[in-house]
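# Report on the structure
Each chain, written out:
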Amino acid sequence: MPRIGFVSLGCPKALVDSERILTRLRAEGYELVGSYDRADAVVVNTCGFIESAIEESLAAIGEALAENGKVIVTGCLGRREALIRERFPEVLAITGPADYEAVMAAVHEVLPPAHDPFLDLLPEAGLRLTPRHYAYLKIAEGCNNRCSFCIIPSLRGRLASRPLAEVMREAEALARAGVRELLVIAQDTAAYGADLRYPEAEWRGRRLRTRIADLARALGELGVWVRLHYVYPYPHVEELVALMAEGRILPYLDLPLQHANPAILRAMRRPANSERMLERIRAWRRACPELALRSSFIVGFPGETEAEFGELLAFLEEAELDRVGAFAYSPVAGAAANELPGAVPEPVKEERRERLMRLQEEISRRRLRRRVGRVERVLVDRVEGGVAIARSAAEAPEIDGVVRIEGGEGLRLGCPDRGADPRRRGRARPARRAPRGGGMSGSRRLAALALLAAMPLAPSPSPAAAERRELGPLMLEGVPPIPEDLLERLARYQSARQALLQDWFPGGGVLILTRFGETNQVHRVAFPGADREQLSFFPEPVAHARALPDGSGFLFLADRGGAEFFQIHRQHLADGRVERLTDGRSRHGPPVLDARGRRMAFVGTGRNGRDFDVYEGPIEGPHERVLEAEGTWQVFDYSPDGRFLLVAQRVSINESEPFLLELANRRLLRLRPKSEPASYDLMRFDPRGGAVYYVSNAGGEFRTLRRLELARGEERVLSAESPWDVTALDREPRAALASPTSSTRTDSRGWWC
């Protein structure tokens, strides 16, 4: 029987990869051995995240070559094959992370499998490197975020979620095999299902969405502890906290916050609003008082000043996180942060890290004191000299503290301590972060695997068709002349190449969409100063943001997959709450608001499934179909008195016809003669009445901003022809936002007013 030695390095996700490879090896009849001299070949699963982990992996490869000579390398460092080949050209094969088939193919090349694979000897849950009573459950590979300090996406690829039914089958098998705690992991756990657009799956006779909240609820029905790791603070984390408050999953959140200063977070390409994060933490603790929070932070990031580090300390004092890990910034080959100026000296990095940990030790001590005298259910990990080492819901294995139970020699491993006298319970120690590389020599890992090898294997009503007629004398109110310098340049934002202008924001500023990982996210840019603040934190694509007139929030479209494809949502800025406003009909076009922000109109799929009709109603609904006619329609604005909508019918790719839609009787009033084909976009009523502003390319190559006097039908061109797209008018209107067209090549891209 061929014999394999295995060295596993890195994070829990790499550990799961090792478990799956070991399961395949044993299923095919390979014997797993715990020493180099007994192995016919050695597989080394590496880590390539930070420099210290890279060096540890290279050292493990060198040790295996020296002691055995036949080595196959896999894991994250395998993505840097040239580095490994330069140091160790004699390595037999190199594969990337989670590439199980390539690893098995390499093993087959070196050691052909035995004829009888002994499948009946495998445990139902496969082979694992963790103790029998807890296991890591990996629900996705890869990551769509592009943090400047991280190269995980280049190592492990984009987000790739596992099907929900497949995850649940594995979880059930683990529970039947005796696992009492499932630790749910991924690079971005809260984004689970986003890449698949949240399809439905069947489990236990009911339909579930492939999203983290549905998965967590289902896992909570297995009768085991469910602990979530690497939870990015998206808005739907509130759903997870609600499950924790109900006791369905453990009240524990592992949040990768990284820093608190907005400038540093922007340089890291992370969410940059620590005040809102503090508000959310307070809200979570109000909803679930037992909630334990842990996070990790990077100190000494390029450009970090003493004042910015001080903001991080102040954030920790205010947040009072239960557990914290701190890392001195370490450059990683291939990371974008390597190009940032302002490198912090190593002694300063280490001094800041020590200062942060001293502060956090006191915070953790205060948090732990509040638990003294309470009776808590714990899971026993091991018994040492009559003392049981256990964990409560607030402690994850290997990275958090422990609960010591004196006189615990009679307690069984992996079983909840239900009857121990609470007066004998020890205090949980403050958290100490385990080294990312694993902190164990190759020989110790092989010794642990020797123990493994020795284990026993056991339908809305249809309105009347809209009536059309030519525009008659429609008298509203006069309007004073607008300034001639409407397109005077106001501001320019450095990252405009990646920004899409959306709307003005009340109080001085604009809403934009910028690239965040693989999605667009909504940001607010305040004038003067052009300071940017991220407002949305969605794993789904976000589009068409519109500010509410009172500044309390904004509307947007989100592609959430399935029945929620391109639905209109409202986000409240006060608490970050997000609510869906439409019920499945809106699949095209942004919403528009009336002057008070109480009603909205939008286009949605027509009754025939091909055309797009116009819907209107209170912002919370119901929304009634007010224009049902053949073709694709666009909706732009309400009249100041709310009686009319500005709409246009698209007649070709480059041509459209503008109309006023009278809401009371569903009449269409033509704005321009039908003999003047052009493209009409960004149509807005003058809020003082009497006129309409719009952008058109009538009579020219480029689009220009124009004003139409409704009473006399007179049109006035307000801007010269130029390769710029007017994106939004302010509420007066006194100014317009403009940006370069996509065909324009210029080094001076920016926003103009």
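Residues numbered from 1 in each chain as written. Predicted model: local features only at pLDDT ≥ 70, side-chain atom pairs only at ≥ 80, totals over all residues. Heavy atoms only, no water.

Along its length, the protein chain carries 13 helices and 41 strands. Across the 753 residues of the protein chain, 56% fall into the buried class. Carbon and sulfur atoms make up 51% of the accessible area of the protein chain, which amounts to about 32000 Å² in all. (Helix = DSSP H or I, 4+ residues; strand = E, 2+ residues; numbered from the N terminus. Buried < 20%, exposed > 50% of the residue type's maximum accessible area, 1.4 Å probe, protein only. Areas by Shrake-Rupley, 256 points an atom, 1.4 Å probe, with all protein chains shown as cover.)

This part takes up the packing of helix 1 (residues 12-27) against helix 4 (residues 100-110). Packing of helix 1 against helix 4 brings their axes to within 10 Å, and their N-to-C directions diverge by 45 degrees. Here helix 4 runs oblique to helix 1, going by the angle between their axes. Crossing of helix 1 against helix 4: the hand is right-handed. Contacts from Asp17, Arg20, Ile21, Arg24 and Leu25 of helix 1 reach helix 4 at Tyr100, Glu101, Val103, Met104 and Val107. (Axes fitted to C-alpha atoms, helices over the stretch in contact; angles between N-to-C directions. Parallel < 35°, antiparallel > 145°, perpendicular 65-115°, else oblique. Left-handed = near helix turned anticlockwise from the far one by under 90°. Contact = heavy atoms within 4.5 Å.)

All right, on to the nonpolar core then. Of all hydrophobic cores here, the largest spans 67 residues; its most connected members are Ile139, Leu219, Leu253, Trp284, Phe315 and Leu316. Apart from residues no more than four positions distant in its own chain, Phe315 is found in contact with Leu257, Ala260, Ser274, Met277, Leu278, Ile281 and Phe297. (Core = buried A, V, L, I, M, F, W, Y, C linked by side-chain atoms within 4.5 Å.)

So, about the packing of helix 6 (residues 164-176) against helix 7 (residues 212-219). Put simply, helix 6 and helix 7 touch, their axes get as near as 11 Å, and they point 25 degrees apart. With respect to each other, helix 6 and helix 7 are oriented roughly parallel. Pair helix 6 / helix 7 crosses with right-handed handedness. Between helix 6 and helix 7, the residues in contact are Leu164, Val167, Met168 and Ala171 and Leu215, Ala218 and Leu219, respectively.

Next up on the list: the pairing of strand 17 (residues 387-391). Of all the five residues making up strand 17, five are buried; the element is thus mostly covered by neighbouring parts of the structure. A two-sided burial pattern is seen for strand 17, the buried positions comprising Val387, Ile389 and Arg391 on one face and Ala388 and Ala390 on the other. With five bridges connecting them, strand 16 (residues 379-384) and strand 17 associate as antiparallel partners. Within strand 17, the residue paired with Leu379 across the bridge is Arg391. Hairpin connection of strand 16 to strand 17: two residues between the antiparallel strands, including Gly385 at a positive phi of 55 degrees. Sheet topology places strand 17 next to strand 18 (residues 403-405); three bridges connect them, and they run antiparallel. The residue of strand 18 that forms the bridge with Ile389 is Arg404. (Pairing = 2+ DSSP bridges.)

Relative to the 34 Å expected for 24 residues at 1.5 Å per residue, helix 12 (residues 346-369) spans 35 Å between its end C-alpha atoms, a close match to the ideal helical length. Contact partners of the buried residues in helix 12: helix 10 (274-287), strand 14 (292-299), helix 11 (306-319) and strand 15 (323-328). (Expected span 1.5 Å × (residues − 1).)

What follows concerns the pairing of strand 35 (residues 667-670). Regular strands place side chains that alternate from one sheet face to the opposite one. Examined bridge by bridge, strand 34 (residues 656-662) and strand 35 share four bridges and lie antiparallel to one another. The residue bridging Leu660 from the neighbouring strand is Leu669, located in strand 35. In this structure, the hairpin formed by strand 34 and strand 35 is closed by a connection of four residues, where Arg666 is found at a positive phi of approximately 60 degrees.

Before going further, it helps to spend a moment on the packing of aromatic side chains. All told, the structure shown has seven aromatic pairs when counted by the stated rule. Consider the rings of Phe554 and Phe556, whose centres lie 5.7 Å apart with planes at 45 degrees: the pair is tilted. By relative accessible area, which is 0% here, Phe554 ends up buried. Accessibility expressed as a relative area gives 0% for Phe556, which makes it buried. Against the face of Tyr252 rests Arg227, its NZ or CZ located 4.6 Å from the ring centre. Cation over ring: Arg391 sits above Tyr134, and NZ or CZ is 5.4 Å from the ring centre. (Phe/Tyr/Trp six-rings, centres within 6.5 Å; stacked < 30°, edge-to-face > 60°. Lys NZ or Arg CZ within 6 Å of the ring centre and 35° of its normal.)

In this section: the sheet that holds strand 1 (residues 3-8). Across the sheet, which stays open at both edges, the five strands sit in the order 2-1-3-4-5 with parallel pairing between neighbours. Only two strands of the sheet have a single neighbouring strand rather than two, namely strand 2 (31-32) and strand 5 (93-94). Where strand 4 (residues 71-75) and strand 5 come together, two bridges link them in parallel fashion. Residue Val73 lies in a different strand from strand 5, and its bridge partner there is Ile94. The sheet contacts of helix 4 involve strand 1, strand 3 (41-46), strand 4 and strand 5, and relative to strand 4 the element is tilted by about 175 degrees.

Let's shift gears to unusual backbone geometry. For the bond running from Gly621 to Pro622, omega is 5 degrees, close enough to zero to count as cis. Its location among the elements puts Pro622 in the loop between strand 30 (612-618) and strand 31 (624-627). One non-glycine residue with positive phi stands out, namely Arg666, at about 60 degrees. Here Arg666 is to be found in the loop between strand 34 and strand 35.

What follows deals with the pattern of salt bridges. Counting across every chain of the model gives 54 salt bridges. The partner of Arg294 in a salt bridge is Asp400, and the shortest N-O contact between them spans 2.4 Å. In this pair, Arg294 sits in strand 14 while Asp400 sits in the loop between strand 17 and strand 18, placing the two residues 106 residues apart along the sequence. Accessibility assignment for this pair places Arg294 and Asp400 in one class, buried. (Salt bridge = Lys/Arg side-chain N within 4 Å of Asp/Glu carboxyl O.)

All right, on to the confidence of the model for the protein chain then. The pLDDT averaged across the protein chain works out to 77; a share of 74% of its residues lies at or above 70. The lowest-confidence element of the protein chain is helix 13 (residues 442-454), averaging 32 in pLDDT; the highest-confidence one is strand 12 (residues 225-228), averaging 96. Low pLDDT (under 50) marks residues 115-121, which in the prediction has ten contacts with non-local residues, meaning those over four places away or in another chain. Confidence drops under a pLDDT of 50 for residues 417-497, and excluding neighbours within four residues, the segment shows 183 contacts in the predicted structure. (pLDDT = per-residue confidence, 0-100.)

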